[in-house]
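# Chains, contacts and geometry: an overview
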Amino acid sequence: MTPFRARARSGAAHPRVLVLTTGGTIAAVRGSDGGLAPAVDAADLRSTLPSPLLERVNVEARALMSVDSAAMDVTSAYAIARHVAAASAGDAVDGIVVTHGTDTMEETALLTDLVLARGGRRRVRVVFTGAQRGADQPGADGPGNLARAVDTASGPAADSEAGVLIAFAGRTMPAWGTRKLSTVDLDAFAAWPDRHEAEQSRRRALAAVPGGGLATGSLPRVDTVALYPGSDAVVIDACRAAGARGIVLEAMGAGNANAAAVRAVRAAAAAGVAVVVTTRVPHGPAFADYGGGGGGTNLARAGAVFSPVLRAGQARILLAALLAAGVGHGEVTRAFTG
Ligand SMILES: NC(=O)C[C@H](N)C(=O)O
């Protein structure tokens, strides 16, 4: 591995890409207990990159952590976001790749986008990637994904305006609005189909998140509640009792619930808990359309804010970031809905 400083002294004009490794399936092998777990270190991940790419791009790989992304908490996600922000602040790198588990890549990528955006204009490309198959599995997709991510990260900095990217299965997508949609397909992620709509959603949110809020390093408790036919107020009430400052409702259809949920949302809103509505349906926007006592319009009247683009995972991060910044109902509405 050639450290960046040595390359800089040699005057080499190659783009410099820092690969920060965090674990996930891209670094996982099957252990003696039969389960996949991260074990491959940063140097070994780097060694999978093809020689022509390494001749063109100066790549340094550094381990941040080695965990399955489903086991990450806000502290881990913050640690990653802050490392990316610190590494991108100076002139040492032209691009940053984060290798990450796919289960919660969309959350950490969105948090990283928010943390970077409050620092002003980003000067480097930041690309998340991972894998669906372990490093020791036949047809492992990690090496190809990593190569694509490094290649993308080495591109012109001006293109970083779109925010944090996810490179996966030969495609590069903006992290904002992108979700994991398959547990097994190599093409695991789906971007929001309308890029312009996703970008509008991102700009709206970034304009609403005040700078200082994300500097705290901790996010308030925001819970996700999945709604289903016959669901009652028990879980929503329990979240409030546990001290949640926000609740993301994964509602049915376009964003519908039932009368019990609407009552619980009204009580939560009256107690100062921010409620955001998304949907369990994979495609299409969430919006207030139906009535009848438990529909989306009833949820909205009870004080809930609709998240048309961001699904539960990313909506939860954005809501927590907004609440960390101390914003009120008006800004939460502006951030999600406009
Ligand atoms: N494909 C993966 O990376 C899944 C793994 N459980 C993780 O998120 O770390």
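Residues numbered from 1 in each chain as written. Predicted model: local features only at pLDDT ≥ 70, side-chain atom pairs only at ≥ 80, totals over all residues. Heavy atoms only, no water.

Per an unreviewed UniProt entry, the chain goes by asparaginase and derives from Tomitella fengzijianii. Taken from UniProt, the Sequence similarities (unreviewed entry) comment for the chain reads in full: "Belongs to the asparaginase 1 family." A UniProt comment under Catalytic activity (unreviewed entry) is attached to the chain, and it reads "L-asparagine + H2O = L-aspartate + NH4(+)". (UniProt positions renumbered as here; feature names shortened; annotations may be inferred.)

As a further point, take the packing of aromatic side chains. Throughout the structure, instances matching the rule amount to 1 aromatic pair. Between F168 and F189 the ring centres are 5.0 Å apart and the planes differ by 65°, which places this aromatic pair in the edge-to-face class. Separated by 21 residues along the polypeptide, F168 in strand 7 (residues 165–168) and F189 in strand 10 (residues 189–190) bring together distant segments of the chain. Per residue, the accessibility class of F168 equals that of F189, and both read buried. (Phe/Tyr/Trp six-rings, centres within 6.5 Å; stacked < 30°, edge-to-face > 60°. Helix = DSSP H or I, 4+ residues; strand = E, 2+ residues; numbered from the N terminus. Buried < 20%, exposed > 50% of the residue type's maximum accessible area, 1.4 Å probe, protein only.)

Here A312 is to be found in helix 11 (residues 312–324). Overall, A312 belongs to the buried group, its relative accessible area being 6%. Along the sequence, A312 and A140 sit 172 residues apart, while their C-alpha atoms lie 29 Å from each other. Every residue in contact with A312, bar those within four places of it in the chain, is listed here: T224, V248, E250 and T278. (Contact = heavy atoms within 4.5 Å.)

Attention shifts here to the sheet that holds strand 11 (residues 222–226). One open sheet accounts for 4 strands, arranged 11-12-13-14; its pairing is parallel. Two strands lie at the open edges of the sheet, namely strand 11 and strand 14 (305–306), each paired on one side alone. Its contacts with the sheet place helix 11 against strand 11, strand 12 (246–251) and strand 13 (274–279), and it is angled at close to 160° to strand 12. (Pairing = 2+ DSSP bridges. Axes fitted to C-alpha atoms, helices over the stretch in contact; angles between N-to-C directions.)

Attention now goes to the sheet that holds strand 7. If you walk across this open sheet you meet the 6 strands as 4-1-5-6-7-8, and the pairing is mixed. Edge positions in the sheet fall to strand 4 (58–67) and strand 8 (171–174), since each has one partner strand and no second. Neighbour-to-neighbour, the strand axes of the sheet open up by a mean angle of 25°, direction not taken into account.

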